[in-house]
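Each chain is listed here by its residues.
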Amino acid sequence: VHIRIPISQAKVVRIPKAEYMAAKKRGAGALRELQLAINASAKEPYILRRVLEAAQDGERVCVMTGRKAQVERLYTVLRKHLPESYGVWKVHADEVSSIAARKMIVDEYATAPKGGCIIATTESMGEAIDGLQCTHRAIIAMLPDTPGKFIQLRGRWRRLRGIRCELELLLLEDSIDEDQL
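So, here is what we can say about the structure in this document. Keep in mind it's a predicted model, so treat the numbers as computed, not measured. (Residues numbered from 1 in each chain as written. Predicted model: local features only at pLDDT ≥ 70, side-chain atom pairs only at ≥ 80, totals over all residues. Heavy atoms only, no water.)

**Remarks on the overall build of the protein**
So, point 1. Across its full length, the protein holds six helices and six strands.
So, point 2. Taking 2.2 N^0.38 as the reference for a compact globule, 181 residues should give roughly 16 Å; the C-alpha atoms of the protein span a radius of gyration of 16 Å, in line with that estimate.
So, point 3. Projected onto the principal axes, the alpha-carbon positions of the protein cover approximately 45 × 35 × 30 Å.
So, point 4. Residues classed as buried in the protein amount to 46% of the 181 residues present.
So, point 5. A separation of at least 24 residues holds for 77% of the contacts in the protein among residues at least 6 apart in sequence.
So, point 6. By element, 53% of the accessible surface of the protein is carried by carbon and sulfur atoms, the whole surface being about 9300 Å². (Helix = DSSP H or I, 4+ residues; strand = E, 2+ residues; numbered from the N terminus. Rg over C-alpha atoms; globule rule 2.2 N^0.38 Å. Buried < 20%, exposed > 50% of the residue type's maximum accessible area, 1.4 Å probe, protein only. Contact = heavy atoms within 4.5 Å. Areas by Shrake-Rupley, 256 points an atom, 1.4 Å probe, with all protein chains shown as cover.)

**With respect to a nonpolar patch on the surface**
So, point 1. On the surface, I15, Y20 and M21 cluster together into a nonpolar patch covering about 240 Å² of accessible area.
So, point 2. Tracing the chain through its elements places M21 in helix α1 (residues 17–26).
So, point 3. The class for M21 is partly exposed, based on a relative accessible area of 40%. (Patch = residues over 30% accessible without salt bridge, like charges linked within 9 Å, V, L, I, M, F, W, Y side chains within 5 Å. Salt bridge = Lys/Arg side-chain N within 4 Å of Asp/Glu carboxyl O.)

**As for the packing of aromatic side chains**
So, point 1. Under the criterion given, the structure shown has one aromatic pair.
So, point 2. Ring geometry for W89 versus Y109: centroids 6.1 Å apart, planes at 85°, classification edge-to-face. You can see W89 sitting in strand β3 (residues 87–91) and its partner Y109 sitting in helix α5 (residues 99–111), a full 20 residues away along the chain.
So, point 3. Owing to a relative accessible area of 0%, Y109 belongs among the buried residues under this scheme.
So, point 4. Geometry around Y75 places K90 over its ring, the cationic atom sitting 4.8 Å from the centre. (Phe/Tyr/Trp six-rings, centres within 6.5 Å; stacked < 30°, edge-to-face > 60°. Lys NZ or Arg CZ within 6 Å of the ring centre and 35° of its normal.)

**Examining the environment of E95**
So, point 1. Secondary-structure assignment places E95 in the loop between β3 and α5.
So, point 2. Taking relative accessible area as the criterion, E95 reaches 42% and is therefore assigned partly exposed.
So, point 3. Expressed as a C-alpha distance, the spacing of E95 and E72, which sit 23 residues apart in the sequence, is 9.8 Å.

**Let's talk about the pattern of salt bridges**
A side chain of one charge can pair with a side chain of the opposite charge if their charged atoms are brought near each other.
So, point 1. Throughout the structure, instances matching the rule amount to 11 salt bridges.
So, point 2. Ionic pairing is found between K43 and D177, a salt bridge with its closest N-O pair at 2.7 Å. Residue K43 is found in the loop between α2 (28–42) and α3 (44–56), and its partner D177 is found in the segment after β6 (166–172); the two are separated by 134 residues along the sequence.
So, point 3. Exposure remark for K43: the relative accessible area of 1% places this residue in the buried category.
So, point 4. The partner of R137 in a salt bridge is E168, with the nearest N and O atoms 2.7 Å apart. In this pair, R137 is assigned in strand β5 (residues 137–140) and E168 in strand β6, connecting sequence segments 31 residues apart.
So, point 5. A residue is classified by how much of its surface remains accessible, and E168, at 2% relative accessible area, is buried.
So, point 6. Each of R50, E53, E59, R137 and E168 takes part in salt bridges that share partners, so that together they form one network.

**Notes on the environment of R154**
So, point 1. Residue placement: R154 occurs in helix α6 (residues 147–155).
So, point 2. Classification of R154 by relative accessible area gives partly exposed; the value is 31%.
So, point 3. The spacing of R154 and I140 is 14 residues in sequence and 9.7 Å in space, taken between C-alpha atoms.

**Thoughts on α3**
So, point 1. Given a rise of 1.5 Å per residue, 13 residues ought to cover 18 Å, and the 19 Å separating the end C-alpha atoms of α3 matches this to within 8%.
So, point 2. Taken together, the buried positions of α3 are E44, Y46, I47, L48, R50, V51, A54 and A55.
So, point 3. Phi for G58, located one or two positions after α3, is positive at around 70°. (Expected span 1.5 Å × (residues − 1).)

**Overview of helix α4 (residues 68–81)**
So, point 1. Compared with an ideal rise of 1.5 Å per residue, which puts 14 residues at 20 Å, α4 spans 20 Å between its outermost C-alpha atoms and is within 8% of the ideal.
So, point 2. Residues of α4 that are buried: Q70, V71, L74 and L78. Looking down the long axis of α4, one finds its buried residues gathered within 100° of arc, a one-sided arrangement.
So, point 3. Elements that come into contact with the buried residues of α4 comprise α2, α3, β2 (60–65), β3 and β4 (116–121). (Arc of directions from axis to C-beta.)

Have a look at this one:
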């Protein structure tokens, strides 16, 4: 499902000049990836609303984004606003570096009796992580920059015999997001 988020409902996010200059030196692909990451951060108000709604229904939600800072922000806000019985986990390379540790988090998520939410960078959940098939709703904040990466991303919830997972691709209107599809 493509969900278009109007600019008026997005959070204002500024690109740090040093980060922009570094991406510019690396080329057009790095600039595109930087803009996709900035757009993912702008979608935070929508993401928070959707996860809070899903928690009321006891759903399992997986939020994929591109930056550890966004993972940390979303985790902090959700942990503050959700009941303790609703599990919230965060995964990014600096926080959880081994496959075994990531697998343990996914196992806790899959067996949480009242539902839960994993907030992760897309790259941190890419290799040999099985168990996300119990997800009811996957929210993709940072869109993949190639069709192959999208197919790989979608496969994280469609492995084996999982439940039907609603895949929400968040598109920031009038932005590079709309060019990614």
